Amino acid sequence: MGVQIDMKKQSLSLMIILMTCFIILSVGIAGCTSQTPPVSPVTQTPSMATGTKLSTIEPSQMILQPSEIPSTLTIVVKSERNISEMRSWAVDHGWKKGYYAMFQKNDPNSPSGTIFEQIISVYTAENITLIIPNTIDAYRNGIIAENNANLTLDVLPAPGIGDSSNALVISDKSDNTRMYLISFVKKDVYQDFWTNGTATDYETAKQLASIAAAKIK
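Residues numbered from 1 in each chain as written. Predicted model: local features only at pLDDT ≥ 70, side-chain atom pairs only at ≥ 80, totals over all residues. Heavy atoms only, no water.

Secondary structure assignment for the protein chain yields 6 helices and 8 strands. Reading the protein chain from its N terminus to its C terminus gives the helix and strand order α-β-α-α-β-α-β-β-α-β-β-β-β-α. Within the protein chain, the proportion of its 217 residues that are buried is 50%. Sequence separation of 24 or more characterises 67% of the internal contacts of the protein chain that already satisfy a separation of 6 or more. Taken as a whole, the protein chain presents about 9900 Å² of accessible surface, with 52% of it coming from carbon and sulfur. (Helix = DSSP H or I, 4+ residues; strand = E, 2+ residues; numbered from the N terminus. Buried < 20%, exposed > 50% of the residue type's maximum accessible area, 1.4 Å probe, protein only. Contact = heavy atoms within 4.5 Å. Areas by Shrake-Rupley, 256 points an atom, 1.4 Å probe, with all protein chains shown as cover.)

The next subject is the packing of aromatic side chains. Tallying each qualifying case throughout the model produces 2 aromatic pairs. Here Y139 and W194 contribute two aromatic rings whose centre-to-centre distance is 5.4 Å and whose plane-to-plane angle is 90°, an arrangement assigned as edge-to-face. On the criterion of sequence distance, the pair formed by Y139 in helix 5 (residues 131-146) and W194 in strand 8 (residues 189-195) is long-range, its members being 55 residues apart. In terms of burial, Y139 and W194 fall into one category: buried. (Phe/Tyr/Trp six-rings, centres within 6.5 Å; stacked < 30°, edge-to-face > 60°.)

This next bit is on the nonpolar core. Of all hydrophobic cores here, the largest spans 28 residues; its most connected members are M62, L64, F103, I182, F184, F193 and L208. Of all the elements in the fold, those that place two or more residues in this core are strand 3 (97-105), strand 4 (115-122), strand 6 (164-172), strand 7 (177-186), strand 8 and helix 6 (199-215). Take this core: its biggest share by element is 6 residues, from helix 6. Once residues lying within four places of it in the same chain are set aside, the contact partners of L64 are I69, I75, F103, Q118, F193, L208, I211, A212 and K215. Ranked by size, the runner-up nonpolar core spans 15 residues in total, among them L151, L168, I170 and L181. (Core = buried A, V, L, I, M, F, W, Y, C linked by side-chain atoms within 4.5 Å.)

So, on to helix 5. Compared with an ideal rise of 1.5 Å per residue, which puts 16 residues at 22 Å, helix 5 spans 22 Å between its outermost C-alpha atoms and is within 8% of the ideal. Of the residues making up helix 5, those classed as buried are I131, I132, T135, I136, D137, A138, Y139, N141 and I143. (Expected span 1.5 Å × (residues − 1).)

Glancing now at unusual backbone geometry. A positive phi angle, close to 55°, is found at N147, a residue other than glycine. With respect to the helices and strands, the residue N147 is situated in the loop between helix 5 and strand 5 (151-156). Classification of N147 as exposed rests on a relative accessible area of 69%. Phi is positive for N176, which is not a glycine, with a value near 60°. Take N176: it is sitting in the loop between strand 6 and strand 7. Given a relative accessible area of 61%, N176 falls into the exposed group.

On to the pattern of salt bridges. Counted under the stated rule, the structure contains 4 salt bridges. With its nearest N and O atoms 3.1 Å apart, the salt bridge here joins E58 to K97. Taken together, the positions of E58 in the loop between helix 2 (46-50) and helix 3 (59-62) and K97 in strand 3 put the pair 39 residues apart, joining distant regions of the chain. Residue classification places K97 among the partly exposed residues on the basis of a relative accessible area of 30%. In this structure, K215 engages E68 in a salt bridge whose closest nitrogen and oxygen atoms are separated by 3.1 Å. Of this pair, K215 sits in helix 6 while E68 sits in the loop between helix 3 and strand 2 (73-81), and the two are 147 residues apart along the sequence. (Salt bridge = Lys/Arg side-chain N within 4 Å of Asp/Glu carboxyl O.)

What follows is the structure, given as structure tokens:
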């Protein structure tokens with residue numbers, strides 16, 4: 001999207017990973033093949049076993065609004081995601097439409113500019129459960145490909161958001177920086193929430209993801 005972010009204090013390695021991950025997400029992350037076994041089961045509710053319902057609101061309506069986010073956050077980017085940006089795997093597996101938003105933390109004690117990203121995709125219902133496992137595998141493969149001993153990926157306890165969910169943290173031991181990802185599915189909607197902040201910011205990301213899941217009707 002050409003978005004420029006002031007992240008001067010963030011490590012170069014994590015910046016590369018973040019932008020790489022976002023590019024992959026923009027073109028349909030589940031198209032990435034994986035040589036590794038699934039790293040963690042996702043949590044599922046009975047609705048996933050009995051059939052997925054379709055959402056009834058547009059992705060643009062799923063974006064968190066100023067009244068729904070902490071006062072310390074500001075929306076800096078909102079943009080529709082187009083099918084022309086997606087990889088063939090995503091299109092072949094029923095990617096329909098999506099939306100993207102970026103929020104920045106207004107905190108004088110956070111000079112690096114902590115950000116939160118909300119990335120939305122709507123898929124055909126029969127393929128929606130494929131996305132989260134492939135997401136985790138794709139990021140693990142990205143860490144392996146980076147071949148940087150300082151970078152590690154750890155799967156966190158599932159946050160229990162939506163119909164299924166998972167979470168991970170990417171850490172850089174060289175400067176103790178971290179990036180957190182929360183992924184969830186509800187009905188035929190898949191969403192990611194990224195933050196490049198601290199464990200406290202991860203809790204904020206979980207709060208945002210829970211609010212976002214509740215908006216899906």
